[in-house]
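# Commentary on secondary and tertiary structure
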Amino acid sequence: MPTQKKKQVVKKNPAEQGPSAPVKPVSPALQQQQRSLSTQFSSIIRSARRVAPEMIDAILADSLKYRASDIHFEPQPKEVLVRFRVDGVLQEAGRIPREHYENILNRIKVLAHLRTDEHFSAQDGSIRYEHEQIAIDMRISIIPILDGEKIAIRLLHGYIKQVTLDNLGFSKPDQEIMLAASQKPFGMILVTGPTGSGKTTTLYALLNILNRPGVNITTIEDPVEYKIAGANQIQVNIQTNLTFAKGLRSIVRQDPDIVLVGEIRDHETAEIAVNAALTGHLLLSTFHANDAATAVPRLLDMDVEPFLLTSTLEVIIAQRLVRKLCEECRSQETVTIEQLSKQLLTAKEFFPENRISVGKSKGCTACGQTGYKGRIGIFEFIPMSSEMQELILKNPSTQQMRELARKQGSHSLFEDGIQKVQAGITTLEEVLRVAEPPTLSGYGSTKK
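Described below are features of the structure shown in this document. If you're wondering where the values come from, they're calculated on a predicted model, not measured in any experiment. (Residues numbered from 1 in each chain as written. Predicted model: local features only at pLDDT ≥ 70, side-chain atom pairs only at ≥ 80, totals over all residues. Heavy atoms only, no water.)

### Structural notes on the packing of aromatic side chains
Evaluation of the coordinates by the stated rule reveals five aromatic pairs. By way of ring pairs, the aromatic residues Phe-170, Phe-379 and Phe-381 are connected into one cluster. Above the plane of the ring of Tyr-372 lies Arg-323, whose end atom (NZ or CZ) is 4.1 Å from the centre. (Phe/Tyr/Trp six-rings, centres within 6.5 Å; stacked < 30°, edge-to-face > 60°. Lys NZ or Arg CZ within 6 Å of the ring centre and 35° of its normal.)

### Here we look at the environment of Gln-319
Tracing the backbone shows Gln-319 in strand β12 (residues 313–325). Here the alpha-carbon distance between Gln-319 and Phe-379, two residues 60 residues apart in the chain, equals 4.5 Å. The residues contacting Gln-319, other than those within four sequence positions of it, are Val-191, Thr-192, Gly-193, Pro-194, Ser-197, Gly-198, Lys-199, Thr-202, Ile-378, Phe-379 and Leu-413. Here the side chain of Gln-319 touches Gly-198 through a polar contact of 3.0 Å, landing on its backbone oxygen. A distance of 2.7 Å separates a polar atom in the side chain of Gln-319 from a polar atom in the side chain of Thr-202. (Helix = DSSP H or I, 4+ residues; strand = E, 2+ residues; numbered from the N terminus. Contact = heavy atoms within 4.5 Å. Polar contact = N/O pair within 3.5 Å; in protein donor to acceptor, adjacent residues only side chain to side chain.)

### Focus: the pairing of strand β11 (residues 282–287)
Within β11, six of the six residues are buried, which leaves the element mostly enclosed by the surrounding structure. Going residue by residue along β11, you find Leu-282, Leu-284 and Thr-286 tucked away on one face and Leu-283, Ser-285 and Phe-287 tucked away on the opposite face as well. Sheet topology note: the strand β7 (residues 187–192)/β11 ladder contains six bridges and is parallel. Within β11, the residue paired with Ile-189 across the bridge is Leu-284. Bridge count for strand β10 (residues 258–261) against β11 is four bridges, and the pairing is parallel. Residue pairing across strands places Leu-260 opposite Leu-284, the latter belonging to β11. With helix α9 (residues 267–278) bridging β10 and its parallel neighbour β11, the resulting β-α-β unit is right-handed. (Buried < 20%, exposed > 50% of the residue type's maximum accessible area, 1.4 Å probe, protein only. Pairing = 2+ DSSP bridges. Right-handed = clockwise from strand over helix to strand, strands pointing away.)

### Examining empty space enclosed by the protein
With the rule as written, the count across this model stands at one cavity of 30 Å³ or more. For the largest cavity, the calculated volume is near 70 Å³. Lining the largest cavity are Ile-56, Ile-59, Leu-60, Ile-71, Phe-73, Ile-108, Leu-111, Ile-127, Tyr-129, Met-138 and Ile-153. Among the elements of the structure, α3 (52–65), β1 (68–75), α4 (98–111) and β4 (123–131) are those that each provide at least two residues to the lining of the largest cavity. Examining the composition of the lining of the largest cavity, we find that three residues originate from one element, α3, more than from any other. (1 Å grid on protein atoms, 1.4 Å probe; cavity = no way out; pocket = protein on both sides within 12 Å on 5 of 7 lines; lining within 4 Å. Points joined across faces, edges and corners; volume = space filled by probe spheres on them.)

### Remarks on the sheet that holds β10
The pairing of strands in a sheet comes from backbone hydrogen bonds and takes either a parallel or an antiparallel form. Sheet architecture is open: seven strands sit in the order β9-β8-β10-β11-β7-β12-β15, paired in mixed fashion. Of all the strands in the sheet, just β9 (231–235) and β15 (372–383) have a single pairing partner and so form its edges. When strand polarity is set aside, the average angle formed by the axes of neighbouring strands in this sheet is 20 degrees. Where β12 and β15 come together, ten bridges link them in antiparallel fashion. Directly across from Val-322, in β15, lies its bridge partner Ile-376. Sheet strands touched by α9: β7, β10 and β11. Its angle to β7, the strand with the most contacts, is close to 135 degrees. (Axes fitted to C-alpha atoms, helices over the stretch in contact; angles between N-to-C directions.)

What follows is the structure, encoded as structure tokens:
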């Protein structure tokens, strides 16, 4: 007699059992993010026209329509998922049958001058793409994954000339701090934050202000994302041993007034950068740190001498990007402090009134039904005062840096975000997505 297979029983979490178990609702913002974008190339897939160049043109046209910063081709067993990063959030744009992906992959490799016969190594390239009087620079990265080769395309939009400190989201007091530091003949301005937080864009906006006929600006970047008229820009090239450190050594012999180092990654680059700032150059750079207060302990861990930091550092800036409410469907609503406390337990520390006017949006065709369109920065500043310089000489911890910055009136990333929530520019949900509320009660002030 054949034995019957036992039916597999899936045990549920006790919290999920019974009719009384609450089901956590999905927020409207998350529901909007989960929707697929309406794209042209999806209709091409459904038709008989599946030519690779036409597909790529349609995907790029769709990405420009939604102002995407990145395009991801993610191979899966039966299809390839295409996603756009719009305002910092990945959204599904469509799916391509696996049998048509090989032609698209090879087409992109040819355009980026990459090897079409290489399938097991990472490859990087770039494309200057021109279509219907639109020219756009693209940075291509291809890596092998379990289900094939994944493509990530960074779209470098040519809007840097129009970028200003105002439209990046800097408040007037913060702009004054940055401009005062940039007017000095030498010193170092550091911008910190994770990848994709807009650090390079902030430095380019500052260079637009400093770029004058009588000034020699030289940069070393990896990669050079935007071309600046009048600046001498160097691309890092590992194959020719042109690293940040070696390039920076050569730059200081090129008689520069202002030097931009794309990123301080190691002890050698940090040491040369500090010495360049000490010997009569204004040096701008980015640095990976969670916030402004963390930057100094991290530099000291790289064996940079404390007395050199105190002699060169002018200001440390930390930043993140939050999505802006769509201008087309944005409105104002009044909420109570009790409602905000459901999102933020310490809401009373940041919203002193019992009823607060905040912005909201329902979603429309202009924003792809997300309620958000465009991004703006939130910032934290630590200027170098004499007290801060004395503290750095004592090899301080991050906590000590934060405490002194708080006493001197610095605001946190989160508090700058709260300012933009109160102004109706973004939402509390967005600020909580990228910034953590300060654990120190009264860190700075929400009023500037």
